[in-house]
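A closer look at the structure
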Amino acid sequence: MTVSGLLLPDVDDPTAAGFWAGCARGELLVQACGACGAWRMPPRPMCPHCRSVEVRWDRTSGRGRIWSFIVPHPPLLPAYAELAPYNAIVVELEEDPAIRYAGNLVTGPEGAIDEIDPATIRIGEPVRVVFATVGDVVLPRWVRADG
Amino acid sequence: MAETIKGRTAVVGIGQTAFGKGLPDTELSLACQAISAALDDAGIAPSEVDGLASFNMEADREVDVARSVGLGDITFFAQVGYGGGAGCGVVGTAAMAVATGQCEVAVAWRARKRADKASRPWAQVSQRITGHWQWTRPFGILRPVDEVAMLTRRHMHEYGTTRDHLANVALAFRKHANRNPLATMGHKTLTRDEYMNARWISEPLCLYDNCLETDGALAVVITSAERARDCRQPPAYVHAFAQGLPRQHQTMTNYFTDDPLRGPAWAAARRLWANADVGPQDVKVAQLYDAFSPLIILSLEGYGFCGRGEGGPFTDGGNIEWPDGRLPVNTSGGGMSEAYVHGFNLVLEGVRQIRGTSPCQVDGADVSLVTSGEGVPTSAIVFTKDA
Ligand SMILES: [Zn+2]
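Model, not experiment: these values are computed from the prediction.

This brings us to the overall build of chain A. Counting secondary structure elements, chain A contains 2 helices and 9 strands. When its C-alpha atoms are laid out on the principal axes, chain A stretches across 45 × 35 × 25 Å. By residue count, 53% of the 147 residues in chain A fall in the buried class. Considering only intrachain contacts with a sequence separation of at least 6, the fraction spanning at least 24 residues in chain A is 54%. Working note: accessible area of chain A is about 6,200 Å², and carbon and sulfur atoms make up 52% of it.

Our next topic: the coordination of the zinc ion. Residue and element names in this part refer to chain A. Within the protein, the zinc ion binds to Cys-33 (SG), Cys-36 (SG), Cys-47 (SG) and Cys-50 (SG); these donor distances fall in the range 2.3 Å. Taken together, the 4 donor atoms coordinating the zinc ion and their angles of 99 to 118° define a geometry best described as tetrahedral. Read in sequence order, the donor residues for the zinc ion give the motif C-x2-C-x10-C-x2-C. Relative accessible area serves as the criterion here: at 1%, Cys-47 is assigned to the buried category.

It is worth spelling out a positive patch on the surface at this point. On the surface, Arg-247, Arg-262, Arg-270 and Arg-271 of chain B cluster together into a patch of positive charge. Here Arg-270 of chain B is to be found in helix α8 (residues 264-275).

For any two aromatic rings, the description comes down to two numbers: the centre-to-centre distance and the angle of the planes. Residues and elements named next belong to chain B. Counted under the stated rule, the structure contains 10 aromatic pairs over all chains. The interplanar angle of 65° and the centroid separation of 6.1 Å between the aromatic rings of Tyr-289 and Tyr-340 together place this pair among those described as edge-to-face. With Tyr-289 in the loop between β10 (285-287) and α9 (293-302) and Tyr-340 in the loop between α11 (334-337) and α12 (344-355), this residue pair connects regions lying 51 residues apart in the sequence. The exposure class assigned to Tyr-340 is buried, which follows from its relative accessible area of 6%.

The subject of this paragraph is the nonpolar core. One finds Val-91, Val-220, Trp-273, Tyr-303, Phe-344, Leu-369 and Phe-383 of chain B to be the most contacted residues of the largest nonpolar core, which totals 145 residues. The dominant element in this core, judged by the number of residues it contributes, is helix α3 (residues 87-99) of chain B, at 8 residues. Looking at this core, you find at least three residues from each of domain 1 (9-59) and domain 2 (61-147) of chain A. Discounting chain neighbours no more than four positions away, the residues touching Trp-273 of chain B are Val-278, Gly-279, Pro-280, Val-283, Tyr-303, Leu-369 and Val-382 of chain B. Of all hydrophobic cores here, the second largest spans 29 residues; its members include Ala-34, Val-65, Ala-66 and Ala-219 of chain B.

What counts, and where the lines are drawn
Residues numbered from 1 in each chain as written. Chains lettered and ligands numbered in written order. Predicted model: local features only at pLDDT ≥ 70, side-chain atom pairs only at ≥ 80, totals over all residues. Heavy atoms only, no water. Helix = DSSP H or I, 4+ residues; strand = E, 2+ residues; numbered from the N terminus. Buried < 20%, exposed > 50% of the residue type's maximum accessible area, 1.4 Å probe, protein only. Contact = heavy atoms within 4.5 Å. Areas by Shrake-Rupley, 256 points an atom, 1.4 Å probe, with all protein chains shown as cover. Donors = N, O, S within 2.8 Å, 3.2 Å for Na, K, Ca; no water. Tetrahedral: all angles 85-135°; square planar, octahedral: opposite > 155°, others 65-115°. Patch = residues over 30% accessible without salt bridge, like charges linked within 9 Å, V, L, I, M, F, W, Y side chains within 5 Å. Salt bridge = Lys/Arg side-chain N within 4 Å of Asp/Glu carboxyl O. Lys, Arg positive; Asp, Glu negative; His and termini not counted. Charge placed at Lys NZ, Arg CZ, Asp CG, Glu CD. Phe/Tyr/Trp six-rings, centres within 6.5 Å; stacked < 30°, edge-to-face > 60°. Core = buried A, V, L, I, M, F, W, Y, C linked by side-chain atoms within 4.5 Å. Domains from an automatic or database assignment.

Here's what the structure looks like:
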């Protein structure tokens, strides 16, 4: 089931289900090696440092900075064309800048992805995670940390 | 070092169909026509072909191509993945097969009816996203242009790359296309004002930062250096070939490594130049994969034509323009102004420069570089005039 043509993740994907389950609980998680503890994003079945297949999910601060951003315009899939121009961002995590998440900058959990003037977005801006329910999925989104 | 394929094979035939939108022929028919033309160019009979290399995104199967064109018993066939990253990979794979005796005459090709909207991979995504796309697509990072725009903005932030640098790329390739009667944009000029006022596609990238959408097919014939000397055309020797899939890479959305702007070009370049007798300073002309203008800047850095972060300024002052630039790039117009056939037209133009038959022929082009898609696992070839 989709929400008016938006592309939603398969939250049962065996490699990534732990992340999406965290979002549903309001927690921004990162996959960590169950043996050596190294963090990795995106999730994967083996630790590239020690080759363990043991996995755990660590809770992050949910705080970071905008690493880059784009403003897509049509032609886009219809559901996105309706929202365009909107922003999409990549955030680097405060406690480990090599851990990054894509998302959208909004004014609050219920905010739309086209509501912030793209001309005001800056690389390096501090942001914190919020969670938006979209259909049957909970997606991480980001608000300005000082806003 | 182990013995390499240096100078042991050559491209001896090139062929292509017309480029267009909504061409009436099927992709299979286009593939066969391009291969047939390449064999005629080489003066080699179809029955002598015993090797095939193609993109794994190619819709036309070897069996259908072989029985249509009338090829002989095929003893080597292989495919290379990652879309636009595969172009030099299929040519290099064919060259390795010839050099190691797995076949004697190999054909590599790409056929595509890209102008057909249904053929665009990004328009075919299923609505539940799995695998690595789930880390970007649910947030509206949908198309290749969005994925590359994200890296472009970061490059601008870190190094001061500007839209003027991107315009340098678009304008240079359009100028080159304007000398190429076969180019889609052969008769359409482009000014800096038009570039700056064009509509956005994914900020910071505008319409003219994007490649064309093209129907068409291209093919090359590869054989041994010995045989090449007896063919109709001057050989373009395969001097060095490399692929590149850098550590921790994620195709297209490479936002998750320690150093996302160190792309596949860096990995390919390391092997390419290690296996070559020449280096970037010896390259007279380059065909760099240009699905998007910023890929040129990333490739100039990755293949060592300038320092890290200097790709933007490298394009200033006509430096990548024929005939006076230090490194004329995409001399037939490239994917942005000649045709976008997953970069395979770049391979043929790299060969034409060695032959001396480019629409923007570089004087004394004895070392000619061709690269494939930056941002995806990639490949590159150095062609030389002498074995
Ligand atoms: Zn580990």
